[in-house]
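# Examination of the molecular architecture
Take a look at the letters that make up each chain.
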Amino acid sequence: MLCPEQGTVMAYDLVIRGGRVVTGGAMVDADIAVAQGRIAAIGTGFDGAEVIEANGLLVTPGGVDPHCHIEQMSGMGLMNADTFETASRSAAMGGTTSVISFAAQGKGQRLSDTVADYAARAQHGAAIDHAFHISVSDPDAPAFEADLRALIAAGHRSVKVFTTYNIGLDDAQILEILRIAGAAGALTCIHAENDAIISATRARLLAEGRTRPLDHAASRPRAAEIEAIARMCRLAEVAQAPVMIFHVSTAEGVAEIAAARARGAPIWAETCPHYLFQTEAVLDKPGREGAKWMCSPPQRTEADQDALWAGLAMGHLQLVSSDHAPYRFDETGKFSNGLDAPFPGIANGMPGLELRQPLMFDAMVSRGRLGLAAFARLTAEAPADLYGLPGKGRIAPGYDADLVLWDPAHTHTYGANDLHDNVGYNPFEGTTVTGWPIATLLRGTPVMRDGAYLGQPGAGQWLPRDVIGTDPADLTGSLP
Ligand code: DUC
Ligand code: ZN
Ligand code: ZN
C-alpha cells in the first residue's frame, strides 16, 4: 500500500501468504493482501503488519448461508434453540461468515415492528454479518403494504411466504405479495408444499394410528411439493416477479423448475445438504429417535439425490442452504408437545449451519463432484449474487475479506454432539469428511482459528441489499 504523503510502501493490515486461492472461477497460488477489512490485492510479495501462513491450504470465500432460522419464533410458537450469539459461533466454526435468517411476523403484527425486533436481537448477539428475509404470516396486519415497501426500500430485499403450515397463505395473497415485492425490487422466497394434500394424508395416517417420526415422511407426499412448485412457478410468471423456491427435495420438483426457467420464468431454487446426503431412512429409528431428522419437506430417495446434484450441475438449482432450524431433542424443542406427541406435534428442522460448508467441501472438492470453483460459486458467490449482497461471496479486490482456510487433507468424523450451536445433537453423526476449515476470517478478522472460536457478539453487521431484478441473464447460471 502506498502512503500518499510520503510515497513510501506501507505494509497491508494483513497478508494471507502462500495459499491456493479460489478467485475468478480459477485456482491460483497467491497471497491475499487485506486493508481495512477488504481485499486490497491478490498477487505475491506483499508485506503485512500481520501475516497468516497458508502454505498447503485452500482459501475460499467465506460461506454465505442464505436460509437459516436463528432466534426465531416458529409457526408453532416455539423459539429456536439458537440465539444470534450461539448461531454465530456455529457458523464461524464451519466456515460461514454471512447468514440470511428470518424476521418472522406474528399474526396482526406490523412488519416494521417485526423487523425492528429481530434487528435488535441480531445487533446485540451476532458475531457474523447478517440480513433478514421478511417472513409474512399476516398480510392483513396494519399498514402491511406500506411497511413492506418501506422495508424493501431500506435494503431488506427478500420476503418469505408459505403455502402450508398454520401461517400458509392462499394463492391470491401470494400473488399480491409477488406484485408488491417484485415491483419494489425484492425476491419472494417460497416454502412450496400443497396444504390440502398434507392435511388429508396426515389425517388418514393418524386415523390408522401411524404417529411415529417415520410417518412424518409419508404425511408429506412428494406430490405435495411437486404440485406447489409448479403452481408457484406459474404465479411468478403471471406476476413477472422473481421467486426463490426453498429446499427442493424431489426430482420432479427440479424438473418443474427447469421447465419454468426454460419458459423464461423468473425462478431460482435451492436445495439443502439433508436432501443431498440423506434419505427417508434416517427417520426410521427406534422409539422417538427419528425426530432428530424430522424436517419439511422430508428427506427422499437416492434417485432424488442424483436428480438434485444434476439440477445443481445444470444450473436448474443455484443454491445450497442449510435451512438450519435448531431444536433440542427434549421438552424445550422437538418435544414441546410432550415426549409421546404424535408426529404433527414434533418441531420440524435440524441443525446445519456448521455442517453445510464441510459437507459440501467433502463432496465437491475432496470427492470431486463438480469441483472447487463450483463449491465457491454454490456456497458463497451465488447466494451473494442472487440475494443482492454487495462486497460478499468472492475473493477479489474490493470485496470484504471474508475468507476460509481449509486443510484439504484433514479428515473429521462427526460425533454425537460436536457442533458449536445450542442444539445438542449432530444429524450427521458418524459421517467422515475430508477437508476441514482451520480458519475463518470476517472482514479480515479471524472469527475462528485452529478450532478456537474468536467471534465477538455484536461485531456482526447488518447487510443492506441491492435491488433484485428478473434479468434473464441471471437465470442461466450453470456452474463453472
Ligand atoms: N422446514 C421448514 O419449512 N422450516 C424449518 C424447518 C423445516 O424443516
Ligand atoms: Zn420451509
Ligand atoms: Zn426454513
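A brief look at the structure comes next. Bear in mind the structure is a predicted one, so any value in this text is a computation, not a measurement. (Residues numbered from 1 in each chain as written. Chains lettered and ligands numbered in written order. Predicted model: local features only at pLDDT ≥ 70, side-chain atom pairs only at ≥ 80, totals over all residues. Heavy atoms only, no water.)

### With respect to the pattern of salt bridges
- According to the stated counting rule, one finds 30 salt bridges in the structure shown.
- Linking R234 and E237 is a salt bridge whose minimum nitrogen-to-oxygen distance equals 3.8 Å. Linking R234 with E237, this pair stays in helix α7 (residues 222-239), spanning three residues, or about one helical turn.
- Since its relative accessible area comes to 46%, R234 is described here as partly exposed.
- A salt bridge links E289 to K292; the nearest nitrogen and oxygen atoms lie 2.9 Å apart. (Salt bridge = Lys/Arg side-chain N within 4 Å of Asp/Glu carboxyl O. Helix = DSSP H or I, 4+ residues; strand = E, 2+ residues; numbered from the N terminus. Buried < 20%, exposed > 50% of the residue type's maximum accessible area, 1.4 Å probe, protein only.)

### Observations concerning the coordination of the zinc ion (ligand 3)
- Distances from the zinc ion (ligand 3) to its protein donors, namely H67 (NE2), H69 (NE2) and D323 (OD), fall within the range 2.0 to 2.2 Å.
- Along the chain, the residues that donate to the zinc ion (ligand 3) are spaced as H-x1-H-x253-D. (Donors = N, O, S within 2.8 Å, 3.2 Å for Na, K, Ca; no water.)

### Description of the coordination of the zinc ion (ligand 2)
- Only H191 (ND1) and H247 (NE2) from the protein reach the zinc ion (ligand 2) as donors, at distances of 2.1 Å.
- In this structure, the zinc ion (ligand 2) is positioned 3.8 Å from the zinc ion (ligand 3). Here the residue H191 occupies a position in strand β12 (residues 187-191), and H247 occupies one in the loop between β13 (243-245) and α8 (251-262), the gap between them amounting to 56 residues.

### Here we look at the site of ligand 1
- Close to ligand 1 lie H69, Y165, H191, H247, C295, S296, D323, A325, N348 and G349, which account for all nearby residues.
- The side chain of Y165 places a nitrogen or oxygen atom 3.4 Å from an oxygen atom of ligand 1.
- S296 is positioned such that a nitrogen or oxygen atom in its backbone is 2.8 Å from an oxygen atom of ligand 1.
- Relative to its unbound accessible surface of 240 Å², ligand 1 loses 92% to contact with the protein.
- Placement of ligand 1 is best described as lying within the largest pocket.
- A breakdown of the residues in the shell around ligand 1 according to their chemical character gives three nonpolar, six polar and one charged. (Near = heavy atom within 4 Å. Polar contact = N/O pair within 3.5 Å; in protein donor to acceptor, adjacent residues only side chain to side chain. Areas by Shrake-Rupley, 256 points an atom, 1.4 Å probe, with all protein chains shown as cover. 1 Å grid on protein atoms, 1.4 Å probe; cavity = no way out; pocket = protein on both sides within 12 Å on 5 of 7 lines; lining within 4 Å. Sits in = over half its atoms within 2 Å of the grid points. Nonpolar A, V, L, I, M, F, W, Y, C, P; charged D, E, K, R; others polar.)

### A word on empty space enclosed by the protein
- Within the structure shown, the criterion is met by one cavity of 30 Å³ or more.
- When its volume is computed, the largest cavity comes out at roughly 40 Å³.
- The wall of the largest cavity is formed by P273, H274, S322, M350, P351, G352, L355, R356, L359 and F428.
- At the level of elements, α9 (273-277) and α11 (356-366) are the ones that each hand at least two residues to the lining of the largest cavity. (Points joined across faces, edges and corners; volume = space filled by probe spheres on them.)

### A few points about helix α5 (residues 195-207)
- In a regular helix each residue adds 1.5 Å, so 13 residues correspond to 18 Å; α5 covers 18 Å between its end C-alpha atoms and thus fits that length.
- Within the sequence span of α5, burial applies to I198, T201 and L205. Projected onto a plane normal to the axis of α5, the buried residues spread over an arc of 75° and lie on a single side. In α5, the exposed positions angled more than 90 degrees off the buried face are occupied by A196, A200 and A207.
- Close packing links the buried residues of α5 with α6 (213-219) and α7.
- Regarding α5, its N-cap is N194, as a side-chain oxygen of that residue lies 2.9 Å from the backbone nitrogen of A196 further along. (Expected span 1.5 Å × (residues − 1). Arc of directions from axis to C-beta. Contact = heavy atoms within 4.5 Å.)

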